[in-house]
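Here are the chains, one letter per residue:
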Amino acid sequence: MSQTTRLTDGRKSFEVKKYTFATEVIPRLSCHDPECEERIANGLPVVIPDVNLVASARHWNIDYLHDNIGDGKFMTYFSSSKKFKYYDDKKCPNVKSFKKPMEQEELTFDDFVQKINKGKSKGQRCYLQQTLNETVGKNIVSDFLGFNWNWVTAQQKKNSFGPLTNNMLLIGQEGNITPVHYDEQENFFAQVYGYKRFILFPPEEFPNLYPHPTYHPCDRQSQVDFDNADFEKFPKFRNATGFETIVGPGDVLYIPIYWWHQVESIPIEGHTISVTFWYKGRPTPEKVTYPLNAHQKVAMMRNIEKMIAQALNNPDEVPEFMQNMVLGRYT
Ligand SMILES: CC1(C)c2ccccc2-c2ccc(C[C@@H](CC(=O)O)C(=O)C(=O)O)cc21
Ligand SMILES: [Zn+2]
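Note that the structure is a prediction, hence the values are computed from the model and not measured.

Right, let's talk about the overall build of the protein for a bit. The number of helices and strands found in the protein is eight helices and 15 strands. On C-alpha atoms alone, the protein measures out to a radius of gyration of 20 Å, which is about the 20 Å that the 2.2 N^0.38 rule sets for 331 residues. Taken along the three principal axes of its C-alpha coordinates, the protein extends 60 × 50 × 40 Å. Here the protein holds 331 residues, and 49% of them are scored as buried. Counted over contacts in the protein with a minimum sequence separation of 6, partners at least 24 positions apart contribute 81%.

Side-chain positions along a regular strand alternate between the two faces of the sheet. Extensive coverage of strand S5 (residues 73-79) is indicated by the burial of six of its seven residues. Here S5 runs beside strand S6 (residues 103-108); their pairing, made up of six bridges, is antiparallel. The partner of Phe78 across the bridge, within S6, is Glu103. In this structure, S5 lies alongside strand S7 (residues 125-131), joined through four bridges in antiparallel fashion. Looking at the pairing, Phe78 lines up with Cys126 of S7.

Quick look at the environment of Glu204 now. Relative to the assigned elements, Glu204 resides in the loop between strand S11 (196-201) and helix H6 (206-209). In sequence terms Glu204 and Ala294 are 90 residues apart; their C-alpha atoms lie 5.3 Å from each other.

On to the coordination of the zinc ion (ligand 2). Protein-derived ligands of the zinc ion (ligand 2) are His181 (NE2), Asp183 (OD) and His261 (NE2), with the metal-ligand distances lying across 2.1 Å. For the zinc ion (ligand 2), the single-chain donor residues occur in sequence as H-x1-D-x77-H. With a gap of 80 residues between them, His181 in strand S9 (residues 177-181) and His261 in strand S14 (residues 260-265) connect regions that are remote in the sequence. Both residues of the pair, His181 and His261, count as buried.

A few words now on the sheet that holds strand S8 (residues 164-172). Taken together, eight strands build an open sheet; the order of strands is S4-S13-S10-S15-S8-S7-S5-S6 and the sheet is antiparallel. Taken across any chain shown, the strands that pair with only one partner, and hence form the sheet edges, are strand S4 (46-48) and S6. Put simply, the sheet's adjacent strands are angled 25° from each other on average, direction ignored. The strands that helix H1 (residues 34-41) touches are S4, strand S10 (185-193) and strand S13 (252-255); relative to S4, the one it contacts most, it runs at about 135°. Packed onto the sheet, helix H5 (residues 149-158) meets S4, S8, S10 and strand S15 (272-280) and runs at close to 35° relative to S15.

What follows concerns the site of ligand 1. The full set close to ligand 1 counts 17 residues, and Tyr127, Thr178, His181, Asp183 and Lys196 are the nearest of them. At a separation of 2.9 Å, an oxygen atom of ligand 1 approaches a polar side-chain atom of His181. Within the side chain of Asn187, one N or O atom sits 3.1 Å away from an oxygen atom of ligand 1. In the complex, 89% of the free accessible area of ligand 1, which totals 540 Å², lies under the protein chains. Mapped by element, the contributors of at least two residues to the shell around ligand 1 are S7, S8, S9, S10, S14 and S15. Looking at the shell around ligand 1, the element that brings in the most residues is S8, giving three residues. Of the residues belonging to the shell around ligand 1, the class tally is eight nonpolar, seven polar and two charged.

Our next topic: the packing of helix H7 (residues 294-312) against helix H8 (residues 318-326). Interaxial distance between H7 and H8 falls to 10 Å at its minimum, and their mutual angle equals 120°. Overall, the two elements H7 and H8 adopt an arrangement that is oblique. In this structure, the crossing between H7 and H8 has a hand that is right-handed. Two secondary-structure elements touch here, H7 through Glu305, Ile308, Ala309 and Leu312 and H8 through Val318, Phe321, Met322 and Met325. Residue classes in the contact of H7 with H8 are distributed as seven nonpolar, no polar and one charged.

Let us look at the side chain of Arg302. With respect to the helices, strands and loops of the structure, Arg302 is situated in helix H7. Given the relative accessible area of 4%, Arg302 is considered buried. Among the polar contacts made by the side chain of Arg302, one reaches the side chain of Glu184 at a distance of 3.4 Å. Apart from the residues lying within four places of it in its own chain, the contact partners of Arg302 are Tyr182, Glu184, Thr214, Asp219 and Arg220.

Calculation rules
Residues numbered from 1 in each chain as written. Chains lettered and ligands numbered in written order. Predicted model: local features only at pLDDT ≥ 70, side-chain atom pairs only at ≥ 80, totals over all residues. Heavy atoms only, no water. Helix = DSSP H or I, 4+ residues; strand = E, 2+ residues; numbered from the N terminus. Rg over C-alpha atoms; globule rule 2.2 N^0.38 Å. Buried < 20%, exposed > 50% of the residue type's maximum accessible area, 1.4 Å probe, protein only. Contact = heavy atoms within 4.5 Å. Pairing = 2+ DSSP bridges. Donors = N, O, S within 2.8 Å, 3.2 Å for Na, K, Ca; no water. Axes fitted to C-alpha atoms, helices over the stretch in contact; angles between N-to-C directions. Near = heavy atom within 4 Å. Polar contact = N/O pair within 3.5 Å; in protein donor to acceptor, adjacent residues only side chain to side chain. Areas by Shrake-Rupley, 256 points an atom, 1.4 Å probe, with all protein chains shown as cover. Nonpolar A, V, L, I, M, F, W, Y, C, P; charged D, E, K, R; others polar. Parallel < 35°, antiparallel > 145°, perpendicular 65-115°, else oblique. Left-handed = near helix turned anticlockwise from the far one by under 90°.

Below is the structure:
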């Protein structure tokens with residue numbers, strides 16, 4: 001077994017895999033602590049153990065959900081490894097050589113439960129990731145209405161977040177990993193059942209994490225495999241330094257927009273159930289103030305890459321174009 005290190009969620013402590021980069025612990029602050037408010041206002045991650053955001057779902061487990069979630073369909077991803085590297089189906093034609101890192105299928109909850117039981121034997125892992133919608137049963141609706149909407153809506157308002165875009169139900173098997181990526185939305189991540197390790201990197205770490213091109217199906221995901229980093233291809237990954245924590249039932253982690261995150265369902269601790277609250281980012285300020293911050297620069301790079309890919313109208317020409325533009329010229 002590779003080297004391990006110990007991490008705590010404030011109550012239990014866990015043996016977790018040690019990666020090549022250094023990390024600091026993400027602060028765990030009460031929702032009544034002014035510093036907690038400050039961190040959210042400043043776009044800094046924080047673990048909040050006492051906000052009871054999804055306390056009305058504290059009784060959720062696989063059996064309860066199976067009996068109450070209704071007969072809707074649930075997007076389920078399948079992977080022959082522990083990694084569930086997300087890809088955008090619509091971008092697949094942009095990169096011919098692209099090999100899908102996982103399969104996806106819409107299942108009833110009943111089928112999903114069968115798969116997690118059977119999957120274990122066939123060595124296939126699965127991960128249910130589905131937006132909670134009106135097909136759920138009345139008990140789930142009342143649990144959902146019982147979420148602490150006062151608190152999360154107050155956060156949305158005082159931090160000028162955009163509208164709530166979705167609440168995603170996530171059910172993963174122990175050991176499942178969502179590889180490091182960033183999202184373009186603000187995220188209050190509520191842990192309902194089981195334990196998840198989060199490794200976060202600020203937007204400033206973009207140069208050390210080498211995301212795929214914007215037109216690639218794995219846009220926003222890092223090309224670096226934390227388990228087997230290619231330091232020749234990605235030399236600056238040596239400089240990466242991050243933050244990490246373990247979240248357990250009742251914990252909420254604020255993942256600021258554009259912050260990189262890798263999420264691991266702790267092995268041997270059973271399956272995990274989470275609910276995400278995704279909000280569009282703050283509106284761009286009328287008056288731009290300088291110096292620009294890291295996530296504004298990420299947004300700029302994304303826009304420029306998209307423009308160039310569109311103008312060339314052929315993804316195969318983009319790498320040479322970009323290299324001709326900078327290599328040997330901006331050293
Ligand atoms: C990319 C994807 C499939 C997606 C597409 C469209 C709308 C929402 C989502 C969504 C929401 C959550 C996850 C997993 C989660 C990490 C974890 O818990 O494993 C995470 O990365 C996060 O909460 O940001 C993944 C997705
Ligand atoms: Zn994410």
